[in-house]
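Here's the letter readout for the chains.
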Amino acid sequence: MPNNTRFNVDLTGTSINNKILNEPHVLANRVYRSIAPTYGPYYTESLVVEDSATMQILTRDVHYKCLDVVGIPTAQSGKEICTIIIVVDEDISSNVRITYQALGGQYEKTHEAIKLLVDNLLTDNRPIYWPSVAN
């Protein structure tokens, strides 16, 4: 079976072959804006998110959050690996760049499906009927 991925799996988080520099993203016009890195899951410790308009390097848990930890590779590498970035600061422009270390391999193909799910969840403004929620 042919390998249809660009990068090999890197469980060290240090392969120069899996380093993605200044990947541009245009954010939606909403309160919480999601980014799915083009090459899938990324190592959170080396992620750099930059506002393209101001050249400001953003701070995790202040300007953005890393979501959807990829369990098995995180356990195998001993380093946190996530799939989605949520920009939570409304003052950040709609144009950002990310630099990240991609996990690679078969994990590359999941990013767009996950981003679509997150975007749909964030725009679901239906009221919650609390009596139907268990525990």
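For the structure, see preceding data.
This report concerns the structure included in the present document. Bear in mind that the values here come from a model prediction, so they are computed numbers and not experimental data. (Residues numbered from 1 in each chain as written. Predicted model: local features only at pLDDT ≥ 70, side-chain atom pairs only at ≥ 80, totals over all residues. Heavy atoms only, no water.)

## Brief notes about the sheet that holds strand S4 (residues 48-51)
Picture the strands of a sheet paired through backbone hydrogen bonds; they go either parallel or antiparallel. The strand order across the open sheet built from 3 strands is S1-S7-S4, with neighbouring strands paired in antiparallel fashion. Only two strands of the sheet have a single neighbouring strand rather than two, namely strand S1 (19-26) and S4. Mean inter-strand twist for the sheet, computed between neighbouring axes without regard to direction, equals 20°. Pairing between S4 and strand S7 (residues 95-101): 4 bridges, direction antiparallel. Bridging across to S7, valine 49 finds its partner in isoleucine 98. (Pairing = 2+ DSSP bridges. Helix = DSSP H or I, 4+ residues; strand = E, 2+ residues; numbered from the N terminus. Axes fitted to C-alpha atoms, helices over the stretch in contact; angles between N-to-C directions.)

## Section: the pattern of salt bridges
Evaluation of the coordinates by the stated rule reveals 4 salt bridges. We note a salt bridge from lysine 79 to glutamate 45, for which the minimum N-O separation is 3.5 Å. Here lysine 79 is found in the loop between helix H1 (71-77) and strand S6 (81-87), whereas its partner glutamate 45 is found in the loop between strand S3 (42-43) and S4, with 34 residues between them in sequence. A residue is classified by how much of its surface remains accessible, and lysine 79, at 23% relative accessible area, is partly exposed. Of the charged contacts in the structure, one is a salt bridge between glutamate 80 and arginine 60, with a shortest N-O distance of 2.9 Å. Taken together, the positions of glutamate 80 in the loop between H1 and S6 and arginine 60 in the loop between S4 and strand S5 (64-69) put the pair 20 residues apart, joining distant regions of the chain. Assessed through its relative accessible area of 29%, arginine 60 is described here as partly exposed. (Salt bridge = Lys/Arg side-chain N within 4 Å of Asp/Glu carboxyl O. Buried < 20%, exposed > 50% of the residue type's maximum accessible area, 1.4 Å probe, protein only.)

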